[in-house]
Amino acid sequence: MRSDDPADVTDRSAELLEVLRERSPLVQNITNAVATNFTANVLLAIGASPAMVDIPTEAEEFARIASGVLINLGTPHEEARAAMPATAQAARASDTPWVLDPVAVGALPVRTTLARELVALRPTIVRGNASEILSLAGFGEGGRGVESTDSPEGALDAALSLAREHGAVVAVSGPTDVITDGRQVMRVSNGHPLLTKVTGAGCALGAVMAAFASLESDALVAAIAATSVYTIAAELAAEKSSGPGSFAAAFVDELARIDADTVRARMAVA
Ligand SMILES: Nc1ncnc2c1ncn2[C@@H]1O[C@H](COP(=O)(O)OP(=O)(O)OP(=O)(O)O)[C@@H](O)[C@H]1O
Ligand SMILES: Cc1ncsc1CCO
Ligand SMILES: [Mg+2]
C-alpha cells in the first residue's frame, strides 16, 4: 500500500473499518465534560469500546492496556490535567498510539502551556481545527473559543511544521480536512456542515482516530481512514435529518451501519 495513493488509501480505509469491527479496540479517553457522552456513543456505534479513565494513577496504568488513547484539552480540570502527562508517557512507553486534541489553545493560558508540554511527549496524531493547529505551532493567536476562525488550507504550513518538529501526524478539520505526516499532504473532502452544529463532533473524531491508529501503524493512513468513515457517515445522516438534533441521532445510527463498500464508493481523498 502507498499512503500517498488515493486508491490504495481508500481500499485500506474500507478494510480498516472491518478490522475495527472484528477487534473492537479499547479506546481510553481523557476528554472534556461537554463531549464525553457523545464520544462514548460514537465509539460504541462504530464498533470500538470506550473507557473514560481520566484520574491520576488510574489513567496512566490504563494507557498500558488500552488499544489507543485520546487526550483532549476541552475542559481541563485539575485532576485531568494532572493525569495527562503521565498518561501520554505511559502510552508512548507501551507503544499505545495516542491522539492529542488541543481544544481552544491560543489565548487561554492553562491549556496552552499544557498543550505545549503534551505535544513534546510525541503524540501519534495531533487533531484540531485550523485555529488550534495554527496556535499550537506558534503561527496564530487561536480562534474564538473552541470554534475555528481559520481554514484548514491556511493552517497547512503550521501542520507541516508541527508534524516535522514532533514526528506526529497532524489532522486539521474543516470543510476539507487536511492531514499530513510532515512529508505527504492528503485531503478528505467528505463531510457535512451539520457536523459543526453538534458539539464535540471534532472531539469524538479524535477518539475515532485513536481507534484506527491502534489497527494501522501508518498513522497518516489511520487518520485519513478515521476522518473518511466519520465524514461519510455524516453525509448519510444529513440526508435523513431535519436539523442538528435529528442529525446527531442519525449520525450515530449511520456510524453503526456504514460498511466497507460504502466507504469505497463515497470516499473523497486526494
Ligand atoms: N463546513 C464543513 N463541511 C463539512 N464537514 C465539516 C465542515 N466543518 C467541519 N466538518 C467536519 O466536522 C468534523 C469536526 O470538525 P470541526 O472542524 O468542526 O472540529 P472542531 O472545531 O474541533 O469541533 P469541536 O471542538 O466542536 O469538537 C470533521 O470531521 C470535519 O471534517
Ligand atoms: C463547547 C466546548 N467548550 C469546551 S470543550 C467544548 C466542546 C467542543 O470543543
Ligand atoms: Mg475541537
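What counts as what
Residues numbered from 1 in each chain as written. Chains lettered and ligands numbered in written order. Predicted model: local features only at pLDDT ≥ 70, side-chain atom pairs only at ≥ 80, totals over all residues. Heavy atoms only, no water. Near = heavy atom within 4 Å. Areas by Shrake-Rupley, 256 points an atom, 1.4 Å probe, with all protein chains shown as cover. 1 Å grid on protein atoms, 1.4 Å probe; cavity = no way out; pocket = protein on both sides within 12 Å on 5 of 7 lines; lining within 4 Å. Sits in = over half its atoms within 2 Å of the grid points. Nonpolar A, V, L, I, M, F, W, Y, C, P; charged D, E, K, R; others polar. UniProt positions renumbered as here; feature names shortened; annotations may be inferred. Buried < 20%, exposed > 50% of the residue type's maximum accessible area, 1.4 Å probe, protein only. Contact = heavy atoms within 4.5 Å. Polar contact = N/O pair within 3.5 Å; in protein donor to acceptor, adjacent residues only side chain to side chain. Helix = DSSP H or I, 4+ residues; strand = E, 2+ residues; numbered from the N terminus. Core = buried A, V, L, I, M, F, W, Y, C linked by side-chain atoms within 4.5 Å. Expected span 1.5 Å × (residues − 1). Phe/Tyr/Trp six-rings, centres within 6.5 Å; stacked < 30°, edge-to-face > 60°.

### Remarks on the site of ligand 2
Inspection of the region around ligand 2 gives Asn-32, Val-34, Gly-74, Val-103, Val-146, Thr-199 and Cys-203 as its neighbouring residues. Summarising the interface, the protein chains cover 74% of the accessible area of ligand 2, which totals 280 Å² for the free molecule. In this structure the site holding ligand 2 corresponds to the largest pocket. Class assignment for the residues of the shell around ligand 2 results in four nonpolar, three polar and no charged.

### Focus: the UniProt feature "binding site: substrate" (unreviewed entry) in the chain
Under the UniProt annotation, "binding site: substrate" (unreviewed entry) lies at Met-52 and Gly-200. Cross-referencing the annotated residues with the largest pocket identifies Gly-200 as lining it. Note on Met-52: relative accessible area 27%, which makes it partly exposed. The residues touching Met-52, leaving out its near neighbours within four places in the chain, are Asn-29, Thr-31, Thr-36, Thr-39 and Ala-40.

### Description of the site of ligand 1
Near ligand 1 you find 19 residues, and of these Arg-127, Ser-173, Asp-177, Gly-202 and Cys-203 are the closest. Interatomic distance of 3.4 Å between a backbone N/O atom of Gly-174 and an oxygen atom of ligand 1. Within the contact set of ligand 1, an oxygen atom lies 3.5 Å away from a backbone nitrogen or oxygen of Ala-201. Considered on its own, ligand 1 offers 620 Å² of accessible surface; in the complex 89% of this is hidden by protein. A majority-of-atoms criterion places ligand 1 in the largest pocket. At the level of secondary structure, the elements contributing two or more residues to the shell around ligand 1 comprise strand S5 (125-129), helix H8 (201-213) and helix H9 (219-239). Considering every element that reaches the shell around ligand 1, the biggest residue donor is H8, with four residues. Broken down by class, the residue content of the shell around ligand 1 amounts to eight nonpolar, nine polar and two charged.

### Details of the nonpolar core
Grouped together as the largest cluster of nonpolar side chains are 61 residues, with contacts concentrated most on Ile-46, Phe-212, Ile-224, Tyr-230, Phe-247 and Phe-251. Among the secondary structure elements, those contributing two or more residues to this core are helix H1 (6-23), helix H2 (36-46), strand S6 (169-173), strand S8 (185-188), H8, H9, helix H10 (244-257) and helix H11 (260-266). Looking at which element gives the most residues to this core, the answer is H9, with 16 residues. Every residue in contact with Phe-251, bar those within four places of it in the chain, is listed here: Phe-38, Val-42, Leu-195, Tyr-230, Ala-233, Ala-234 and Ala-237. Counting 41 residues, the second largest nonpolar core, distinct from the first, contains Ala-63, Ala-66, Ile-133 and Ala-137.

### A closer look at the UniProt feature "binding site: ATP" (unreviewed entry) in the chain
Mapped onto the present numbering, the UniProt feature "binding site: ATP" (unreviewed entry) falls on Arg-127 and Ser-173. Across 47 residues of sequence, these annotated residues stay compact in space, with a maximum C-alpha separation of 7.6 Å. None of the other annotated residues line the largest pocket; only Arg-127 and Ser-173 do. Of note, Arg-127 is situated in strand S5. Under the relative-accessibility criterion, Arg-127 is labelled buried at 4%. The residues contacting Arg-127, other than those within four sequence positions of it, are Val-99, Leu-100, Asp-101, Pro-102, Ile-133, Ala-171, Ser-173, Gly-202, Cys-203, Leu-205, Gly-206 and Met-209. Counting through the fold element by element, Ser-173 comes out in strand S6. By relative accessible area, Ser-173 is classed as buried at 19%. Leave out the neighbours within four places in its chain, and Ser-173 touches Arg-127, Gly-128, Asn-129, Ala-130 and Pro-152. Within the local environment of Ser-173, its side chain forms a polar contact with the side chain of Arg-127, the two groups lying 3.1 Å apart.

### Some remarks on H9
With 21 residues, H9 should reach 30 Å at 1.5 Å per residue; the first-to-last C-alpha distance of 31 Å fits that figure. Within H9, 20 of the 21 residues are buried, leaving the element largely enclosed by the surrounding structure.

### Observations concerning the packing of aromatic side chains
Aromatic ring pairs: the centre-centre distance and the angle between the two ring planes describe each pair. With the rule as written, the count across this model stands at three aromatic pairs. With 4.9 Å between their ring centres and 85 degrees between their planes, Tyr-230 and Phe-251 make a pair best called edge-to-face. Taken together, the positions of Tyr-230 in helix H9 and Phe-251 in helix H10 put the pair 21 residues apart, joining distant regions of the chain. Accessibility expressed as a relative area gives 1% for Tyr-230, which makes it buried. When the centroid spacing of 5.8 Å and the interplanar angle of 10 degrees are considered together, the rings of Phe-247 and Phe-251 count as stacked. Here Phe-247 pairs with Phe-251, and both are found in helix H10, just four residues apart, close to one helical turn. The exposure class assigned to Phe-247 is buried, which follows from its relative accessible area of 0%. Classification of Phe-251 by relative accessible area gives buried; the value is 1%. One aromatic cluster in this structure is built from Phe-38, Tyr-230, Phe-247 and Phe-251.

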